[in-house]
Structures are given as C-alpha cells and as structure tokens.
Amino acid sequence: MDTSNYFSSITPAESKREKTHLKLIDASIDLLYEKGFHNSSIKEICEISGVANGTFYNHFVDKEDIYSQAAIYISRILATHVTQQKSEAKSPVDVVRTAHSEYINFLAIRPKWAAVIIQSTRGHYGKDVWSLNKRRISADVKKGIKAEVFPIKFDPFLIDQIMQIVVHSIGQQIIYAPSKTITKKASIAIMRLLKYEES
C-alpha cells in the first residue's frame, strides 16, 4: 500500500505551517525507508519536501525529533486500527491474538511505515512509541493471566520477546512479501510463549 504523502494529503492543514510540518513528516518517512536512519539527512528531507533547511528547525529540533514525531503519527493510526479490531474479540486469547496479528498485517502492507516503527525499536528515536506499544501488549497479556487462560506469571521480559517476534515477522514480510503464513507462525510462537494450549 502506497503511503507516500499520506499525512499531508489526508490531514486538512489549518495553516501553511501545519501543511509544511506534514510535508516534512511525509518526506522523512520516505527517506528513512529508502536510506535508513543513519544515511538520511535533514538536507535531503528538506529537498524532498520542497522546504528550506532553515524552515526545518521551525518544526523540529533534529533528525531524531522528526522521526519520533513520524513514529507517533503512524502509531496513532495503527493503534486506532488495532483497537477497532480488538473490540470484536470475544475472549482474552482472541484479544491478544487479534492485537499482534493486526499489528503485523497492518504494517506488512505499509513498508514505509513499518520501517519507521522497526527503526524505533532499535533505539534511534521513538522510545515513547515503543514503550506505549509494550504497555498495550502488557495490558492484554495481564487480562489473559487474570482470566487464567495464560498459565504464566507476568514478566516484562516476556513482553520484550513478544515484541521481537512481531518486529521479526514484519521485517520478513517487508523483505519478501506480505504473508498470512508468516503472521500465523508468529502468532503460534507468541501463544507458545504465553503457554496457551488450544482445547
């Protein structure tokens, strides 16, 4: 799915300043996908968005700041999608399974957005987005533990493992192609970590 210029095209800009801000966000996402965090530059972001270098600093502190904000924009849309899908789940198991499967599938068909989220896991930027995702998964797992469908004690390390499985699955699908089979394998691995047995 093409997400080029997504934020500047779907968000009605109230002002020229807001429109410029969103053009910079879109350009940063495209550049990160093409070149990665370390090989992209503020100058290139400005060139792609058609904005003067000095204008960049009216909106962002540095490269980390713009990528953090891009991750936040993406994460909001992703969270809304996952929450809507989870609302149809009938049990704590279905909530957990739906959450990680929808997270993976949503990003697998949006490789530019996936690149931003995956890079945020590597500590370059977006630590707030990453910890928010971990809190959401933690809450879902804790509900399953409380309902006694996951016969485990809660452990933050377990959440880190789940997140790594999710990120690996997304990465594989970006490299090769979106695949429900890869998502299903990731889901099976996650449910094993939670010691969930199908009855």
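Note that the structure is predicted; figures quoted are calculated from it, not measured. (Residues numbered from 1 in each chain as written. Predicted model: local features only at pLDDT ≥ 70, side-chain atom pairs only at ≥ 80, totals over all residues. Heavy atoms only, no water.)

Visitor: Looking at this structure, how should I read the nonpolar core?
Guide: General note: in soluble globular proteins, nonpolar side chains tend to be found buried as a group. The biggest cluster of nonpolar side chains holds 53 residues, and the ones touching the most others in it are L107, I162 and L194. Contributing elements (two or more residues each) for this core: helix 2 (16-35), helix 3 (42-49), helix 5 (63-86), helix 6 (92-108), helix 7 (111-121), helix 8 (127-146), helix 9 (156-175) and helix 10 (180-193). The residues touching I162, leaving out its near neighbours within four places in the chain, are I137, V141, I190, L193 and L194. (Core = buried A, V, L, I, M, F, W, Y, C linked by side-chain atoms within 4.5 Å. Buried < 20%, exposed > 50% of the residue type's maximum accessible area, 1.4 Å probe, protein only. Helix = DSSP H or I, 4+ residues; strand = E, 2+ residues; numbered from the N terminus. Contact = heavy atoms within 4.5 Å.)

Visitor: Help me out: how do you make sense of unusual backbone geometry in this one?
Guide: Among all residues save glycine, negative phi is the norm, and among peptide bonds the norm is trans. Non-glycine residue N5 carries a positive phi angle of around 55°. Given the relative accessible area of 46%, N5 is considered partly exposed.

Visitor: Please explain the side chain of H59 as it appears in this structure.
Guide: Inspection of the secondary structure puts H59 in helix 4 (residues 53-59). Reaching out from H59, the side chain makes a polar contact with the side chain of H21 at a distance of 3.4 Å. If we skip the residues at most four places from it in the chain, H59 touches R17, T20, H21, L24, D65 and Q69. (Polar contact = N/O pair within 3.5 Å; in protein donor to acceptor, adjacent residues only side chain to side chain.)

Visitor: Just checking my understanding: could you explain the packing of aromatic side chains for this structure?
Guide: Each aromatic ring pair is characterised by the separation of its centres together with the angle its planes make. Inspection of every chain in the model, using the stated rule, returns 9 aromatic pairs. Each ring, one from F56 and one from Y57, has its centre 5.2 Å from the other, and the planes form 80°; the classification is edge-to-face. Judged by its relative accessible area of 48%, Y57 is partly exposed. Three or more aromatic residues joined by ring pairs make a cluster, and in this case those are Y6, F7, Y73, F106 and W113. Looking at K63, its charged tip hangs above the ring of F37, at a distance of 4.6 Å from the centre. (Phe/Tyr/Trp six-rings, centres within 6.5 Å; stacked < 30°, edge-to-face > 60°. Lys NZ or Arg CZ within 6 Å of the ring centre and 35° of its normal.)

Spatial relationships are all this shows, so hold off on functional conclusions.
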